[in-house]
Amino acid sequence: MNATMRRIDQVTNILAPLAVGQVMTLASNVVGCGFILAWNLFSLIVEFFFLSRVYRIVPALSIKPPTVEGDQEYLERSERRGLQMHLKEITNLPLCFQRFRWLLSTCMDGWRAYYRQPVFLAGLGLAFLYTTVLGFDCITTGYAYTQGISGSLLSLLMGVSAITGLMGTVMFTRLRKSVGLVNTGIISSCLHLGCLLLCVCSVFAPGSPIDLSLLMPYFSSGSSAEPGGMASKRQKHTYPLSGGSNQPLLPDRSSIHWTNNTVLFDNVPSGMAPDSYISIILLFLGVITARILWCFDLSVTQLLQETICESERGVVNGVQSSMNYLMDLLHFIMVISAPQPQHFGILVIISVIFITTGHSMYFLYAHRAK
């Protein structure tokens, strides 16, 4: 069921950009935004109807299951927490402080429940995989535009990436039947790390805009004597154009304007191109093949479903989701700290370090589980 739902998700990722792209091409961007808004409102109604129907036809969803030996301790802790909160409410603290203490206590209890689970390392490893710029999000697409990739080619690459994700779901079901769930996660982790080596190679390949001097402090004794000198030059990225002149890649924001296809820069010739496309080819080759990550994601998801007792399943999955979003937020903070295209190679290396750490946590969990 998990694999089937993921296949539906990947097929949607293929069809949705095609449909919206046609609307924007035949009409306008405004009409395309209106189409997306109307589709989401319609989907909200359908989703509410289906969820309500499932809730009605499965009465067990509205009934607390009978306690078993593993759940009794959790219920006793809940009763103790309820008594403690009752005592807090009758204190003279203002209501806002009482609510804050209740929120803090709830979060702490959730983290304790998450930490006690045998699959704690596997879930934390999955969260670490969210701190990455190696995915088809706005950051990677923006970098691709700066490297001379057209919008049509980028859309095609996104479709190929979704197809690769579909292949990952098929591989998951077959591997799980052959080698088991834990070993499936190990195999998918190794494949994922192998694919990301291509991304690391792209950082140092011809055509890469990385500037290793950025690793040095921006302010030094030499630059302090010349304010606006070397420090400002480090933040400029230039392309060697075919005509032999250099143009700044990221001009002042006022010179950016939107068209129906992509973002153009007024003071940069439309025919600009890097010296070599080897770097960007290796990057996207690694990103697309790394969609086997979906296989690892499904493995950890099913481990969380099978190994956590029902009474704590909602709490633990809530903490897992918060960890995923927290690590995803971290990768946006990374980009804010290093926003220029020549910073992207450094972000790729940091992303690979986070991903390797996450997979290492899963390897440790698998070793303990066996």
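Residues numbered from 1 in each chain as written. Predicted model: local features only at pLDDT ≥ 70, side-chain atom pairs only at ≥ 80, totals over all residues. Heavy atoms only, no water.

Chemist: Mind showing me how you'd approach the overall build of the protein chain here?
Modeler: Looking only at helices and strands, the protein chain features 14 helices and four strands. When the 370 residues of the protein chain are sorted by exposure, 36% land in the buried category. A fraction of 77% describes how many contacts in the protein chain between residues 6 or more apart in sequence connect residues 24 or more apart. Of the roughly 21800 Å² of accessible surface on the protein chain, 67% is carried by carbon and sulfur atoms. (Helix = DSSP H or I, 4+ residues; strand = E, 2+ residues; numbered from the N terminus. Buried < 20%, exposed > 50% of the residue type's maximum accessible area, 1.4 Å probe, protein only. Contact = heavy atoms within 4.5 Å. Areas by Shrake-Rupley, 256 points an atom, 1.4 Å probe, with all protein chains shown as cover.)

Chemist: Can you help me understand the packing of helix α8 (residues 181–204) against helix α12 (residues 293–307) in this one?
Modeler: When two helices pack together, their arrangement is captured by the angle between the axes and the distance separating the axes. Their axes nearest at 8 Å, the elements α8 and α12 cross at an angle of 150°. With respect to α12, the element α8 is oriented roughly antiparallel. In the crossing of α8 with α12, the sense of the turn from one axis to the other is left-handed. Side by side, α8 and α12 meet where Leu181, Val182, Thr184, Gly185, Ser188, Ser189 and His192 of the first sit next to Leu293, Cys295, Phe296, Ser299, Gln302, Leu303 and Glu306 of the second. (Axes fitted to C-alpha atoms, helices over the stretch in contact; angles between N-to-C directions. Parallel < 35°, antiparallel > 145°, perpendicular 65-115°, else oblique. Left-handed = near helix turned anticlockwise from the far one by under 90°.)

Chemist: Explain the packing of aromatic side chains to me, please; I cannot follow it from the model alone.
Modeler: With the rule as written, the count across this model stands at ten aromatic pairs. Ring geometry for phenylalanine 49 versus phenylalanine 50: centroids 5.7 Å apart, planes at 50°, classification tilted. Ring centres 5.1 Å apart and planes at 80° place the aromatic pair phenylalanine 296 and tyrosine 362 in the edge-to-face group. Here the residue phenylalanine 296 occupies a position in helix α12, and tyrosine 362 occupies one in helix α14 (residues 344–369), the gap between them amounting to 66 residues. The pair phenylalanine 296 / tyrosine 362 is uniform in exposure class, with both members buried. Three or more aromatic residues joined by ring pairs form one cluster here, namely Trp111, Tyr114, Tyr115 and Phe120. (Phe/Tyr/Trp six-rings, centres within 6.5 Å; stacked < 30°, edge-to-face > 60°.)

Chemist: Can you walk me through the environment of histidine 367 in this structure?
Modeler: Among the secondary structure elements, histidine 367 is positioned in helix α14. With 185 residues separating them along the chain, histidine 367 and valine 182 place their C-alpha atoms 9.6 Å apart.

Chemist: Please explain the pattern of salt bridges as it appears in this structure.
Modeler: Pairing between side chains of opposite charge can happen when the charged atoms of each approach one another. Tallying each qualifying case throughout the model produces four salt bridges. Among the salt bridges present, the one from arginine 112 reaches aspartate 109, with a minimum N-O distance of 3.0 Å. Pair noted here: arginine 112 and aspartate 109 are both in helix α4 (residues 95–116), with a separation of three residues, about one helical turn. The class of arginine 112 is partly exposed, set by a relative accessible area of 45%. Glutamate 312 is the salt-bridge partner of arginine 116, the closest N and O atoms lying 2.8 Å from each other. Here the residue arginine 116 occupies a position in helix α4, and glutamate 312 occupies one in helix α13 (residues 310–337), the gap between them amounting to 196 residues. (Salt bridge = Lys/Arg side-chain N within 4 Å of Asp/Glu carboxyl O.)

Chemist: Where do I start with the UniProt feature "transmembrane region" (unreviewed entry) in the protein chain in this structure?
Modeler: Under the local residue numbering, the UniProt record ascribes the feature "transmembrane region" (unreviewed entry) to residues 37–55, 119–145, 151–173, 185–205, 276–294 and 344–365. Along residues 151–173 one finds 100% helix and 0% strand; the C-alpha atoms at either end are 34 Å apart. (UniProt positions renumbered as here; feature names shortened; annotations may be inferred.)

Chemist: Teacher, can you tell me more about helix α11 (residues 278–289) here?
Modeler: Each α-helix winds once per 3.6 residues, and so residues spaced three or four apart point in a common direction. Here α11 contains twelve residues, and its C-alpha end-to-end distance of 16 Å stays within 8% of the 16 Å for a straight helix at 1.5 Å per residue. Those residues of α11 that sit buried are Ser279, Ile280, Leu283, Phe284, Gly286, Val287 and Ile288. The inward-facing, buried residues of α11 abut α6 (138–146), α7 (151–179), α8 and α14. (Expected span 1.5 Å × (residues − 1).)

Chemist: Where do I start with the nonpolar core in this structure?
Modeler: Grouped burial of nonpolar side chains is what soluble globular proteins tend to show. Counting 61 residues, the largest nonpolar core has Val133, Leu134, Leu283, Val348, Tyr362 and Tyr365 as the members making the most contacts within it. Mapped onto this core, the elements with two or more residues apiece are α5 (120–128), α6, α7, α8, α11, α12, α13 and α14. Sorting elements by how many residues they give to this core places α14 first, with eleven residues. Those residues in contact with tyrosine 362 that lie beyond four places of it in its chain are Leu121, Ala122, Leu181, Val182, Gly185, Ile186, Ser189, Phe296, Val300 and Leu303. (Core = buried A, V, L, I, M, F, W, Y, C linked by side-chain atoms within 4.5 Å.)

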